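Summary of structural features
These are the residues of each chain, in order.
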Amino acid sequence: MNRKVFLLLIVLHFQCFSQESDRKNGYTFDANVFYGSIILHNPDISHLITKHPHGVILGYNRKTFGREDWQQWYNYPDLGASYIYQNTNNPTLGETHGLYAHFNFYFFKRNLQFRVGQGIAYATKPYHRETNFRNNAYGSRILSSTYMMFNYYKEDIYRGMGFKAGISIVHYSNANVKAPNTSTNTLAFNAGLVYTLDGVEKEYIIREKEKIREPLKYNLVFRSGVNESDNIGHGQYPFYIFSGYIDKRVGRKSAIQVGGDVFLSNFLKELIRFQSIAFPENGISADTDYKRAGIFIGHELFINKLSIETQLGYYIYYPYDFEGKVYNRFGLKRYFGDNFFGVVSLKSHGAAAEAVEFGIGVRL
């Protein structure tokens, strides 16, 4: 499942690269070292936090100069690809190698750089019931991974060489595709060098900003995938989600959403059956309905044909108590034409991931 997430993100990202083939765009390469700590976001991983992890972050970046309207909206960001190696300094967690697609956004006269990257990582020592049973953070070798960097940034100080330094956050999880999945978050200080591969004069295209007005839009989405409960060995099961919502564009970048979801999560069938047999004192019946329904509000941030979607929901039909009545979703969408889109999203309850969702939809 996570391989599909990564491949989709890479294809979408480098499609953005191919849209600007003019070699007058600037290219930079950056190399950073980092040193930090794994954050105790869950007491179940306290035994895994021993020494300080360290590693390297390598990035290849392509500048934008406003050849498309969205680039001006976001202050001419960079498109890029990156690699992260992390040594956790813990024999149970081992090492990770990650590949990412990323954006660099700039603030304060381009002296502050914010990078957000999404990709896939390989864990060298995942959970194994016999040889590595203490690793309850990584239930599989293949993990989804997100990272962010907040850096002071100064390029081309001397002969194309520049400098950056700041704070990084790296997240690893398999989104409950396979248990266990407690996940880790590394907070680190980083510093490195930036090299401009082909120096160009920065000639940004500035257009008159036009207002974007749209009527209410009606959306239908179908999502699916597989996941597993937190009980190790219960098996992976498919799920199906049907969503409908209305959105209203409130500017160039944003739209507000209101809608609902119906969840058919088959892993809950097995979990309910297990709970009814293993813990009869809890009074859970084996025929308790596994279906759920919720309502949500959301926000969509438009970046060219890509967009970032965040939603906060509340279950209004909730016969079985699983992780609480509030849920949230974070997703990446890619529009194909004016109406159709594909989406990859992470559904969770607070910091507890439930599933990676793959979806298709229509916006009318």
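For every chain, the first residue of its written sequence is number 1, and the numbers climb from 1 along that sequence. Given that this is a predicted model, residues contribute local features only at a pLDDT of at least 70 and side-chain atom pairs are listed and counted only at 80 or more, while totals for whole chains, interfaces and linings are drawn from all residues. Think of the side-chain values as coming from all heavy atoms in the structure, minus any hydrogens and water.

**Quick word on the overall build of the protein**
Stated formally: Elements are defined by DSSP. Helices are runs of H or I of four residues or more, strands are runs of E of two residues or more, and each kind is numbered from the N terminus. Between the two quantities, the radius of gyration covers C-alpha atoms and the globule rule is 2.2 Å times the number of residues to the power 0.38. Think of it in three bands: residues with accessible area under 20% of the maximum for their type are buried, residues over 50% are exposed, and the middle band is partly exposed, with areas taken using a 1.4 Å probe on protein chains only. Here, residues are in contact when the closest pair of their heavy atoms is within 4.5 Å. Only the protein chains shown count as covering a residue, and every accessible area follows the Shrake-Rupley method with a 1.4 Å probe.
Each helix and strand in the protein was counted, giving three helices and 16 strands. In terms of overall dimensions, the protein is globule-like: its C-alpha atoms have a radius of gyration of 22 Å, near the 21 Å expected for 364 residues. For the protein, the C-alpha atoms occupy an extent of roughly 70 × 55 × 30 Å along the three principal directions. Buried positions account for 50% of the 364 residues belonging to the protein. Relative to all contacts within the protein whose residues are 6 or more apart in sequence, the contacts with residues 24 or more apart total 63%. A total of about 17400 Å² of accessible surface is found on the protein, and carbon and sulfur atoms cover 62% of it.

**Some words on the pattern of salt bridges**
Using the following cut-off: We define a salt bridge as a side-chain nitrogen of Lys or Arg found within 4 Å of a carboxyl oxygen belonging to Asp or Glu.
Tallied over the full model, the rule gives 16 salt bridges. Shared partners join several salt bridges into a network, and the residues in it are Arg223, Asp261, Glu300, Glu309, Arg329, Lys333 and Glu357.

**Here's the deal with helix H3 (residues 266–278)**
The test is simple: To estimate the expected span of a helix, subtract one from its residue number and multiply by 1.5 Å.
The end-to-end C-alpha distance of H3 is 19 Å, a good match for the 18 Å that 13 residues give at a rise of 1.5 Å each. Along H3, the residues classified as buried are Asn266, Phe267, Leu268, Glu270, Leu271, Ile272, Gln275 and Ser276. On its buried face, H3 sits against strand S9 (217–227), strand S10 (237–249), strand S11 (254–265), strand S12 (292–303) and strand S16 (352–363).

**Re the sheet that holds strand S15 (residues 340–349)**
Consider a sheet: its strands pair through backbone hydrogen bonds, and that pairing is either parallel or antiparallel. Stated precisely, the cut-off is as follows: By definition, two strands form a pair when at least two bridges between them are found by DSSP. What counts as an axis is a line fitted to C-alpha atoms, over the stretch in contact for a helix, and the angles between N-to-C directions run from 0 to 180 degrees.
Overall, antiparallel pairing links the eight strands, which are arranged S9-S10-S11-S12-S13-S14-S15-S16 in a closed barrel. Ignoring which end each strand starts from, the neighbouring axes of this sheet average 25 degrees apart. One ladder, built from 10 bridges, connects S15 with S16; its direction is antiparallel. When the bridges of S16 are listed, Ser348 appears paired with Ala353.

**Some points on the layout of surface pockets**
The condition that has to hold: Buried and open spaces are told apart on a 1 Å grid over the protein atoms alone, a cavity being a set of points where a 1.4 Å probe fits but cannot get out and a pocket being an open set with protein on both sides within 12 Å along at least five of seven lines. Residues with an atom within 4 Å of a point are the lining residues. Grid points are joined across faces, edges and corners, and a volume is the space filled by probe spheres set on the points. Note on residue categories: nonpolar means Ala, Val, Leu, Ile, Met, Phe, Trp, Tyr, Cys or Pro, charged means Asp, Glu, Lys or Arg, and polar means any other residue, Gly included.
Of the volumes computed, that of the second largest pocket is approximately 370 Å³. Lining the second largest pocket are 15 residues; nearest its centre among them are Glu214, Arg249, Phe302, Asn304 and Lys305. By residue number, the principal contributor to the lining of the second largest pocket is helix H2 (residues 69–73), which donates three residues. Residue classes in the lining of the second largest pocket are distributed as five nonpolar, two polar and eight charged.

**Overview of the nonpolar core**
Quick note on the threshold: Here the nonpolar core consists of buried residues drawn from Ala, Val, Leu, Ile, Met, Phe, Trp, Tyr and Cys, with membership extended through side-chain atoms lying within 4.5 Å.
With 18 residues, the main nonpolar core has Ile84, Tyr138, Tyr147 and Tyr172 as its most contacted residues. The element best represented in this core is strand S6 (residues 142–158), accounting for three residues. If we ignore the near neighbours within four places in the chain, the residues touching Tyr138 are Leu93, Thr96, Ala123, Pro126, Tyr127, Leu143, Tyr172, Pro180 and Thr184. Core analysis: the next-biggest nonpolar cluster, separate from the first, contains 15 residues, Ile241, Phe296, Tyr318 and Ala355 among them.

**Overview of the sheet that holds strand S4 (residues 95–107)**
One closed barrel accounts for eight strands, arranged S1-S2-S3-S4-S5-S6-S7-S8; its pairing is antiparallel. Averaged over all pairs of adjacent strands, the angle between strand axes in this sheet comes to 25 degrees, irrespective of strand direction. Bridge analysis of strand S5 (residues 112–123) against S6 gives 11 bridges, and the strand direction is antiparallel. Bridge pairing links Tyr122 to Ile142 in S6.

**A few points about the packing of aromatic side chains**
Going by this rule: Stacked, edge-to-face and tilted are the three classes for Phe, Tyr and Trp ring pairs, Trp counted by its six-membered ring, which pair at centre distances within 6.5 Å; planes under 30 degrees apart are stacked, over 60 edge-to-face, the rest tilted. To sit over a ring, a charge needs its Lys NZ or Arg CZ within 6 Å of the ring centre and within 35 degrees of the ring normal.
What the rule picks out here adds up to 21 aromatic pairs. On the numbers, 5.8 Å between centres and 25 degrees between planes, the contact of Phe103 with Phe105 is stacked. Neither Phe103 nor Phe105 differs from the other in exposure class; each is buried. Members of the aromatic cluster, joined through ring pairs, are Trp70, Tyr74, Phe103 and Phe105. Across from the ring centre of Phe263, 5.4 Å away, lies the NZ or CZ of Arg292, which sits over that ring. Over the face of the ring belonging to Phe341 we find Lys333, whose NZ or CZ atom lies 4.0 Å from the ring centre.

**Focus on the confidence of the model for the protein**
Heads up, the rule is: Scored from 0 to 100, pLDDT reflects the predictor's confidence in each residue.
Per-residue pLDDT for the protein averages 90, and the proportion of residues at 70 or more is 92%. Note that pLDDT drops below 50 for residues 1–23; the model gives that stretch 53 contacts with residues more than four away or on any other chain.

**Side note on a nonpolar patch on the surface**
Selection criterion: By definition, no residue in a patch forms a salt bridge, and every one has over 30% relative accessible area; like charges are joined within 9 Å, nonpolar side chains (Val, Leu, Ile, Met, Phe, Trp, Tyr) within 5 Å.
Taken together, the side chains of Phe29, Leu58, Tyr60, Tyr152, Ile157, Tyr158, Met161, Phe163, Leu193, Tyr195 and Leu197 present a nonpolar region at the surface, about 1100 Å² in accessible area. It is S6 that provides the largest number of residues to the nonpolar patch, a total of three residues. Residue class for Leu193 comes out partly exposed when judged on its relative accessible area of 49%.

**Notes on unusual backbone geometry**
That bond from Ala179 to Pro180 is cis: its omega, 0 degrees, falls within 30 degrees of zero. Tracing the sequence through the fold places Pro180 in the loop between strand S7 (161–173) and strand S8 (184–196). The phi angle at Asn89 is positive, at roughly 60 degrees, despite the residue not being glycine. As for its position among the elements, Asn89 is in the loop between strand S3 (78–87) and S4. We classify Asn89 as partly exposed; its relative accessible area is 28%. With a phi close to 60 degrees, Asn176 is a non-glycine residue in the positive phi region. Tracing the backbone shows Asn176 in the loop between S7 and S8.

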